[in-house]
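Fold and geometry: a report
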Amino acid sequence: MTLSEKIEQAFTKRPNSYVRGHTLERLAGAPRGSRPDRLSTNWAMHWGQGITLGAVRALMAQRGVGGPVGSFLFLNLRLLNDQTLENATGVGAPPWTWPHDEQIADLLHKSVYAFATGFVVDRLVQGPDRSPEKGGHYYQ
């Protein structure tokens, strides 16, 4: 996801977003912008959410919810997680109020994350009906 964001930003000249960092500050009870190193706060939330939700995707695969359908469901979980935290803390705005190019960029990057995570997790986790005798992995 980070790589796709950086490639997109190179073309669109879109600046970095610090919404994740501001969201973490609000969740922690700190005043917005109170940390002098906002990049570290942003990275902590970015990677923390990615790792935590990646574990959820692993549980999905373990329970047999994998492949492209599992990744699509996971994409929606990722979007729901971001929007819930950002809007509940007052940091974000509902996506339908965003400019269309920002909506597209967000969906693109979250899709990259969801499907890349699903691709890796489905190979690492053996769930029901996914043993090599029964056809192996979803993505073949």
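Across its full length, the chain carries five helices and zero strands. Ordered by position in the sequence, the α and β elements of the chain form the string α-α-α-α-α. Here the chain, with 140 residues, has 37% of them falling under the buried criterion. In the chain, 59% of the contacts between residues at least 6 apart in sequence involve partners at least 24 apart. Accessible area for the chain stands at about 8300 Å²; split by element, carbon and sulfur atoms hold 67% of it.

In this section: the pattern of salt bridges. Tallied over the entire structure, the rule returns six salt bridges. Of the charged contacts in the structure, one is a salt bridge between lysine 110 and aspartate 82, with a shortest N-O distance of 2.8 Å. Of the two residues, lysine 110 is situated in helix α5 (residues 100–124) and aspartate 82 in helix α4 (residues 67–88); the sequence distance between them amounts to 28 residues. Owing to a relative accessible area of 3%, lysine 110 belongs among the buried residues under this scheme.

Turning next to a nonpolar patch on the surface. Together, Val65, Val69, Phe72, Leu73 and Phe115 give the surface a local cluster of nonpolar side chains, amounting to about 440 Å² of exposed area. Per-element tally for the nonpolar patch: the top contributor is α4, with three residues. Tracing the chain through its elements places valine 69 in helix α4.

The α-helix advances 3.6 residues per turn, and as a result positions three or four apart in sequence lie on the same side. Taking 1.5 Å per residue, 22 residues should reach 32 Å; α4 reaches 31 Å between its end C-alpha atoms and fits that length. Three or more residues of α4 are buried, namely Gly67, Gly70, Ser71, Phe74, Leu75, Arg78, Leu79, Asp82, Gln83 and Glu86. Looking one or two residues past α4, glycine 90 carries a phi angle of roughly 80°, positive in sign.

Rules used in this analysis
- Residues numbered from 1 in each chain as written.
- Predicted model: local features only at pLDDT ≥ 70, side-chain atom pairs only at ≥ 80, totals over all residues.
- Heavy atoms only, no water.
- Helix = DSSP H or I, 4+ residues; strand = E, 2+ residues; numbered from the N terminus.
- Buried < 20%, exposed > 50% of the residue type's maximum accessible area, 1.4 Å probe, protein only.
- Contact = heavy atoms within 4.5 Å.
- Areas by Shrake-Rupley, 256 points an atom, 1.4 Å probe, with all protein chains shown as cover.
- Salt bridge = Lys/Arg side-chain N within 4 Å of Asp/Glu carboxyl O.
- Patch = residues over 30% accessible without salt bridge, like charges linked within 9 Å, V, L, I, M, F, W, Y side chains within 5 Å.
- Expected span 1.5 Å × (residues − 1).

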